[in-house]
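Chain by chain, the residues:
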Amino acid sequence: MKDTFYVTTPIYYVNDVPHIGHAYTTIAADVLARYKRLCGLKTFFLTGTDEHGQKIEKAARELGITPKELADGVVGRFKDLWRILEISNDDFIRTTEPRHERAVLELFNRIWKKGDIYLGEYEDWYCVPCESFWTEKELGEGRRCPECGRQVDRLREKSYFFRLSRYQEPLLRLLEENPNFVKPQSRYNEVLSFVKGGLKDLSISRMTSRWGIPLPNDPDCVLYVWFDALVNYLSGIGFPEEGYEKIWPADCHLIGKDILRFHAIYWPAFLMSAGLPVPRMVFAHGWWTVEGQKMSKSLGNVVDPYEMAERYGVDQFRYFLMREVSFGLDGDFSQRAIVNRINSELANDFGNLVSRTLAMVRRYLGGRIPSPSDGQLRQKALHTLEEYRKLMDDLSFQRALLAVWELIGSVNKYIDSTAPWSLYKEKRIRELKEALYNCLECLRFVALMVYPFMPRSAQRLWEMLGFRNGIEGETIDKSGTWGGLPEGQEVAEPTPLFPRMEV
Ligand code: MSP
């Protein structure tokens, strides 16, 4: 039994700088990774960049630089952004690294030895931006790429093929035996019907491009960029060197819905052929539009995550992306929506609760945490934590946040109804202490639960509650029981967690 959790993001193309779509997948993966660490699992979180292929070659040519120069320039933008957004990845893999090339060749050799690769000729329509071949039928009217709507090119060349057709039955079995192999359900259905529709062998080499990993048996050809790229999930954990088996298979490949086929069909087929275990789950999330419109360079409405983090705050941006839409569905990014959520949910509901609770503890109790009590909020907090775990395990991030906010709402109501200010006036000190302990202890639970989403704010709250350690070292098993706030610990002067914003 492996005691690890392995989560990945797609590796991003370096032909362009990062936008909100990249930030979204990576933030979701970070939320999951931080949550799994909070559950005490040894977690490995991998992200990286996809640097080979015609798309990058073309972009570099247009800029008058080499593809490697382009990659070296853009990769820094991704790494910087992940640092700014508090992404806790354990490694960063680039497909131009020697460790990656080694892994790709090893996988290729295993598949070759299995007899699943043969030489043939390929002719079809090719979309360079999507790095995908399409059949006439798939193109439909106007001969445009069904994925991005752009013009496609006719391509004919000698090519090596992977015998994908051999894997139709094994893939069907995999899907039938593992109803959670692809999530959400609608995506599972999509994959299932695609496999049922029949699988054609897949071209896995290119002659027209030089920018890729040369085939060991035929250096005139380079490997198809998707064959190369998918292997990052293995090269990033050290395959084929010993040790990778402790982490592999991946527990969750997080991807966008546009690249589902590569992950849920081609990738497991390659792995089966090479005699390696397949990932446990592929989760495909939806796409963001911007202010109701498709995001595109030509419309000039591409959302820059650097700018968002600077304008609204890193945690606020992370929170919004996870709270606004149910994970798996499409969503719309609008300035009004993010500002509304910041003001009502973060500043009012959450921020105010923290400020008023701490202010009362300081005013009425000299800032010292009273002895643990067992009020009516105990059940609510424990129940919320249980619910939260179920939802997080299911990647229902939005509903997990809703559950936490329901607890926040209950504590706010509890304060209104117990009215600690009256208890103080009436010198009912025992009841006052009890009431405030209950609120404080709920805030400790809230800090733990929001930590994966908003690590910096959770840490600030943790410190305001008087803890000196890093919240990232906590586990739910150790700290998810009622009564964890030590009596006598001094709470800090509250400072606003989330400033209010104007639209
Ligand atoms: N290089 C490939 C992935 C190889 S993984 C072995 C690739 N890269 S990408 O940079 O084009 O896109 C990466 C991710 O960004 C995809 O998961 C895609 O779904 C996501 N998004 C791109 N635009 C998006 C939105 N507008 N909204 C949400 N996610 C989007 O594909």
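Everything numeric here is computed off the predicted structure, so don't read it as measured data. (Residues numbered from 1 in each chain as written. Predicted model: local features only at pLDDT ≥ 70, side-chain atom pairs only at ≥ 80, totals over all residues. Heavy atoms only, no water.)

## Details of the sheet that holds strand β7 (residues 182-183)
The six strands are arranged β3-β2-β1-β12-β13-β7 in an open sheet whose pairing can be described as parallel. In this open sheet, the two strands that pair with only one neighbour each are β3 (91-94) and β7. Sheet topology note: the strand β1 (residues 4-13)/strand β12 (residues 252-256) ladder contains two bridges and is parallel. Looking across to β12, one finds that V7 is bridged to C252. (Pairing = 2+ DSSP bridges. Helix = DSSP H or I, 4+ residues; strand = E, 2+ residues; numbered from the N terminus.)

## Comments concerning the packing of aromatic side chains
The way to describe two aromatic rings as a pair is by their centre distance and the angle between their planes. Tallying each qualifying case throughout the model produces 34 aromatic pairs. Between W288 and F333, the ring centres sit 6.3 Å apart and the planes meet at 75 degrees, which makes this aromatic pair edge-to-face. In this pair, W288 is assigned in strand β14 (residues 288-290) and F333 in strand β15 (residues 331-333), connecting sequence segments 45 residues apart. Looking at F333, the relative accessible area reads 1%, which means it is buried. Cluster of aromatic residues (ring-pair linked, three or more members): Y24, F283, W288, F317, F320, F327, F333, F397 and F453. Against the face of F92 rests K79, its NZ or CZ located 4.9 Å from the ring centre. (Phe/Tyr/Trp six-rings, centres within 6.5 Å; stacked < 30°, edge-to-face > 60°. Buried < 20%, exposed > 50% of the residue type's maximum accessible area, 1.4 Å probe, protein only. Lys NZ or Arg CZ within 6 Å of the ring centre and 35° of its normal.)

## Section: the pairing of β1
The element β1 is extensively covered by neighbouring structure, given that 10 of its 10 residues are classed as buried. Note on the crossover from β1 through helix α1 (residues 20-38) to strand β2 (residues 42-50): the handedness is right-handed. (Right-handed = clockwise from strand over helix to strand, strands pointing away.)

## Focus: the site of the ligand
Lining the immediate environment of the ligand, one finds 23 residues, of which I11, D50, G256, D258 and W288 sit closest. With respect to the ligand, the backbone of I11 contributes an N or O atom lying 2.8 Å from a nitrogen atom. A distance of 3.2 Å separates an oxygen atom of the ligand from a polar atom in the backbone of Y13. Those elements that provide at least two residues to the shell around the ligand are β1, α1, α8 (225-230), α9 (232-235) and β12. Among the elements that make up the shell around the ligand, the one with the highest residue count is β1 (four residues). Residues that form the shell around the ligand fall into these classes: 13 nonpolar, eight polar and two charged. (Near = heavy atom within 4 Å. Polar contact = N/O pair within 3.5 Å; in protein donor to acceptor, adjacent residues only side chain to side chain. Nonpolar A, V, L, I, M, F, W, Y, C, P; charged D, E, K, R; others polar.)

## Side note on the pairing of β12
Summarising burial for β12: five of the five residues are buried, a large majority. Neither face of β12 is left uncovered, since the one carrying C252, L254 and G256 and the one carrying H253 and I255 both have all their residues buried. Of the strand pairs in this sheet, β12 and strand β13 (residues 282-285) are connected by four bridges, and their pairing is parallel. Residue pairing across strands places G256 opposite H285, the latter belonging to β13. With helix α10 (residues 260-273) bridging β12 and the parallel β13, this β-α-β connection has right-handed handedness.

## A few points about the domain arrangement of the chain
Domain boundaries assigned for the chain yield domain 1 (4-286) and domain 2 (335-479). If you average the C-alpha positions of domain 1 and of domain 2, the two centres end up 41 Å apart. Taken together, the contacts link 17 residues of domain 1 with 17 residues of domain 2. Buried area between domain 1 and domain 2, both sides added, is near 1500 Å², and the carbon and sulfur share of it is 63%. Area buried by domain 1 at its contact with domain 2 is led by R34, Y35 and L38, which between them contribute 45% of it. Between the two partners, domain 1 and domain 2, sit three salt bridges. (Domains from an automatic or database assignment. Contact = heavy atoms within 4.5 Å. Buried area = accessible area lost by both parts, 1.4 Å probe. Salt bridge = Lys/Arg side-chain N within 4 Å of Asp/Glu carboxyl O.)

## Thoughts on empty space enclosed by the protein
Throughout the structure, instances matching the rule amount to one cavity of 30 Å³ or more. Put simply, the largest cavity is a space of about 50 Å³. Lining the largest cavity are G53, Q54, Y126, E131, R206, S209, W211, G212, V222, L223, Y224 and V225. Class assignment of the residues belonging to the lining of the largest cavity gives a composition of six nonpolar, four polar and two charged. (1 Å grid on protein atoms, 1.4 Å probe; cavity = no way out; pocket = protein on both sides within 12 Å on 5 of 7 lines; lining within 4 Å. Points joined across faces, edges and corners; volume = space filled by probe spheres on them.)

## Description of helix α12 (residues 314-324)
Of all 11 residues that make up α12, 10 are buried, and the element is covered over most of its length. Looking at α12, one finds that the buried residues are V314, D315, Q316, F317, R318, Y319, F320, L321, M322 and R323.

## Side note on the sheet that holds strand β10 (residues 214-215)
Strand order in the open sheet formed by three strands is β9-β11-β10, with antiparallel pairing between adjacent strands. Each edge of the sheet is formed by a strand with only one pairing partner; in this case those strands are β9 (205-206) and β10. As defined by bridge partners, β9 adjoins strand β11 (residues 218-223) across two bridges and the pair is classed as antiparallel. Bridge pairing links R206 to V222 in β11.

## Describing the layout of surface pockets
When its volume is computed, the second largest pocket comes out at roughly 200 Å³. Counting residues per element, the ones that place at least two in the lining of the second largest pocket are β7 and α15 (397-418). Ranked by the residues each element gives to the lining of the second largest pocket, the list is headed by α15, at three residues. Residues belonging to the lining of the second largest pocket are distributed by class as follows: seven nonpolar, five polar and three charged. Each of two domains, domain 1 (4-286) and domain 2 (335-479), supplies a minimum of three residues to the lining of the second largest pocket.

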